[in-house]
Amino acid sequence: MSIEDRVRAATRARADLVRDIRPLTLPGDLLFSDDRAERAGRLRGARQVRAWVIPLAVAAVVVALALTLVAVRHAAAPPQEPVPAAPSAVLAKIPRYYAVITQDHSTQDFTIVDDRTGAKVVDFAAPGNDTLDSVSASADDRTFILTSSTKVNQDTTRWTVRKIRLFPHPGLAFNEAAIAVQDTDNAVHLNAFLSPGGREVAVEFDRLTGPTTVTTTIQTYHATQSSSSGPLRTWTASAHGAAPIGDLSWHGNDQTLVFSTPDAAVSGDRPPAYNRERALTTTAPSGDLMAASRVIFSGPSSLHAFSGPYSPDAVSCAALHITPDGQTAICGTRTGVDVPDARPGCTAGASLVAYPVRSGQRERVLFAYPPCETGNVVPLWTDTTGSTVVSEFPGKSTRTVLRVVSGGKLYSLPLPASPRDGTGDGNGIAF
Amino acid sequence: MKPPTEALPQGLDVTQQVTALYQTHSLGLVKLAVLMVGDQPTAEDIVQEAFLGLYRRWRALRDADRALGYLRSSVLNGCRAIHRTRYRRQAIVLDPPTDMASAEEEAVLAEAHREVLAALRQLPDRQREAVVLRHILDMTEAQAAETMGVSQGTVKSATSRGLANLARLLNQKGAR
């Protein structure tokens, strides 16, 4: 019996025990607008003055009380400053164009935004019955990779990888080319990344290969491949209960891929923290991913918010990125999204933290959100040294925002109205 | 269990419409909440609150046909709030609470079913919701995404991770 069958059987058995429930009791004194008019009519007459003076007096007292409380609150706590828009000097340091998947109910769009102006320079709906899954950006600030999936039938999901090249000159906004990928049917996720030189595409996907096993496959292809001649290389890794790798990206040249792996110290039924970074040379023979790669950074051992007192030295990285110079690891912390936020008094909010690769010790906090402001901070792009970082922050109680930290200051970036949010995996926005 | 999809009865006042909705859908929603929170009294409270909320906000509901979607989302929000409250309470007790089953559940449900339900309750909220909506209510990814207020990609990943976690928890239990 599969795990789905077991879950169905058990939950249906439990649900079948629910047979009788108490009746709904609706309160009779709710003041809908029509009811209010009706009640007001009934009160006209000898008691008319009393009918409106008393509520007015009560309202005046409430307003006075509210104003007093607001004044006291403002006196006790400094007002929250709105995050300023990134000035041109900061915008000049980051890529000009970024791609984002937007979603309004069941409608999805692929959009490329000019962050200097906030204008959408490319915007098209998901073709056919496709579900847009992920976007990535290349180093040239002009080329993006979009992946999507289609349910062919009940048992088969088929994946498509498209390369979208932006032409800023008038008359031709972009062109699109499919990259033929193989053996990806029924993958749970699929991400693809163009190498900095534009020669190769790395494709990463997960499959459930056993009741407890997730297998991740990385394939490399020629970026111009339009027919199914097969991948150049293929590596696989498996883990129980969670994907064995995360945060795949190219690093430095067309021959190195880096990715994060779970902190070995994490176990149990909670989401793992991907606090280690490994490097894979793409000329290595196909085979076992872990054997073909090497650890280049071991971050702090994670400590989930639920499992003990907060410690700034023990964090759980929602996403981890190595800067292009290879010297610094940028960790976006994860709090309060997949796990309950049980830190007494909310000692700290989500943050971006930098660690020197060599020592693995915390070097500096690039930015920390206010206490109790929790969510996944996902670094999307960093400059060579990590002094300017673009990140996505889908907060637990707020809509997704784009932020850039530069020179220790936080700025906002324009973002379309309905970014696909809530994932906290950074797959829906790419710089 | 299928997600309820019937349209609202027409020509009734607000109280009658909400009551009609309650008569049609409350049982299914209580079953959903029971799977989320584990006990029926709490589940009934959550569903009652959801219907009261709907009653209060009826005029603000732009599309009455969306009432059911509103109710489902309200029930899920109520379940999340219960989990948060329980978690805070757990943080101040000396002994962690055991996974308690009701007397009826204890008496009627097979041991194997109780293990699955206990494992389901150990999942993070989002994974539990995705598994229940997709595999128990048989919702599509789009329906589940709208109910949970997340993207279809999130539903997809939460479902697969939830199932993998369930399988691992059950295997661990089996190994012990």
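Residues numbered from 1 in each chain as written. Chains lettered and ligands numbered in written order. Predicted model: local features only at pLDDT ≥ 70, side-chain atom pairs only at ≥ 80, totals over all residues.

Let's shift gears to the overall build of chain B. Tallying secondary structure elements over chain B gives eight helices and zero strands in all. Going from the N terminus to the C terminus, chain B shows its helices and strands as α-α-α-α-α-α-α-α. Partitioning the intrachain contacts of chain B with sequence separation of at least 6 by distance along the chain shows that 62% fall at a separation of at least 24. (Helix = DSSP H or I, 4+ residues; strand = E, 2+ residues; numbered from the N terminus. Contact = placed C-beta atoms within 7 Å.)

All names here are of chain A. Positive phi is not limited to glycine here, since Asp183 has a value of about 60°. Even without glycine at this site, Asn186 takes up a positive phi of about 65°. A count of 15 C-beta atoms within 10 Å places Asn186 in the partly exposed class. (Buried ≥ 20, exposed ≤ 12 C-beta atoms within 10 Å, placed from the backbone.)

Next up on the list: the packing of helix H6 (residues 125-136) of chain B against helix H7 (residues 141-148) of chain B. Residues and elements named next belong to chain B. Running from N to C, H6 and H7 point in directions that differ by 140°, and their axes come no closer than 9 Å. For the element pair H6 / H7, the angle class is oblique. Handedness of the H6/H7 crossing: right-handed. Facing Glu129, Ala130, Leu133 and Arg134 of H6, the residues of H7 in contact are Ala144, Thr147 and Met148. Each residue belonging to the contact of H6 with H7 can be placed in one class, and the counts come to four nonpolar, one polar and two charged. (Axes fitted to C-alpha atoms, helices over the stretch in contact; angles between N-to-C directions. Parallel < 35°, antiparallel > 145°, perpendicular 65-115°, else oblique. Left-handed = near helix turned anticlockwise from the far one by under 90°. Nonpolar A, V, L, I, M, F, W, Y, C, P; charged D, E, K, R; others polar.)

The subject of this paragraph is the environment of Phe193(A). Residues and elements named next belong to chain A. Examined against the element boundaries, Phe193 turns out to sit in strand S8 (residues 189-194). For Phe193, a count of 22 C-beta atoms within 10 Å puts it in the buried group. Linking Phe193 and Thr220, residues 27 residues apart in sequence, is a C-alpha distance of 9.4 Å. What Phe193 contacts, discounting residues up to four positions off in sequence, is Ser136, Ile145, Val201, Ala202, Leu248, Ser249 and Trp250.

A word on H6(B). Residues and elements named next belong to chain B. Along its twelve residues, H6 runs 15 Å from first to last C-alpha, staying within 8% of the 16 Å computed at 1.5 Å per residue. By the burial criterion, the buried members of H6 are Arg126, Gln127, Arg128, Glu129, Ala130, Val131, Val132, Leu133, Arg134, His135 and Ile136. Note on H6: the residue one or two positions beyond its end, Asp138, has a positive phi of about 55°. (Expected span 1.5 Å × (residues − 1).)

With that settled, the discussion passes to the nonpolar core. Within the largest apolar cluster, 131 residues are counted, with the highest numbers of intra-cluster contacts made by Val201(A), Ala33(B), Val75(B) and Leu166(B). The biggest single contributor to this core is helix H1 (residues 14-37) of chain B, with eleven residues. For this core, the domains that each give at least three residues are domain 1 (1-96) and domain 2 (98-176) of chain B. Aside from chain neighbours lying at most four places away, what touches Leu166(B) is Ile3(A), Val7(A), Ala119(B), Leu120(B) and Leu123(B). (Core = buried A, V, L, I, M, F, W, Y, C linked by C-beta atoms within 7 Å. Domains from an automatic or database assignment.)

Residues and elements named next belong to chain A. Spatially, four strands are ordered S12-S13-S14-S16 in an open sheet, and the strand pairing comes out antiparallel. The two strands at the open ends of the sheet, each matched to only one other strand, are strand S12 (246-250) and strand S16 (293-298). Adjacent strand axes in the sheet meet at a mean angle of 25° when their direction is disregarded. Sheet topology note: the S12/strand S13 (residues 256-261) ladder contains three bridges and is antiparallel. Bridge assignment links Gly246 to a residue of S13, and that residue is Ser260. (Pairing = 2+ DSSP bridges.)

Okay, the sheet that holds strand S11 (residues 233-240) of chain A next. Residue and element names in this part refer to chain A. Reading across from one edge, S8-S9-S10-S11-S15 is the order of the five strands in this open sheet, with mixed pairing throughout. Each edge of the sheet is formed by a strand with only one pairing partner; in this case those strands are S8 and strand S15 (287-288). Summarising the sheet, S8 and strand S9 (residues 200-208) pair through six bridges and their orientation is antiparallel. Paired with Leu190 across the two strands is Phe205, which belongs to S9.

What follows covers the confidence of the model for chain A. Looking at chain A as a whole, the pLDDT averages 77, with 71% of positions reaching at least 70. Long-range and interchain partners of residues 72-80 of chain A, a stretch whose pLDDT sits below 50, account for one contact in this model, where long-range means more than four residues apart. (pLDDT = per-residue confidence, 0-100.)

Let us look at the packing of H1(B) against helix H2 (residues 40-56) of chain B. For any two helices packed against each other, the geometry is given by the interaxial angle and the distance between the axes. All names here are of chain B. Across the interface, H1 lies against H2 with an axial gap of 8 Å and an inter-helix angle of 145°. Seen along the crossing, H1 lies across H2 with a hand that is right-handed. Where H1 abuts H2, its residues Val14, Val18, Tyr22, Ser26, Leu29, Val30, Ala33, Val34 and Val37 lie against Gln40, Thr42, Ala43, Glu44, Ile46, Val47, Phe51, Leu54 and Tyr55. Residue composition of the contact of H1 with H2, by class: 14 nonpolar, three polar and one charged.

Moving on, we get to the pairing of strand S4 (residues 131-137) of chain A. Residue and element names in this part refer to chain A. Within S4, seven of the seven residues are buried, leaving the element largely enclosed by the surrounding structure. Sheet analysis places S4 next to strand S5 (residues 143-153), joined by six bridges and oriented antiparallel. Considered in S5, the bridge of Thr131 is made with Ser149. The hairpin formed by S4 and S5 contains five residues between the paired strands, and Asp141 there has a positive phi angle of roughly 65°.

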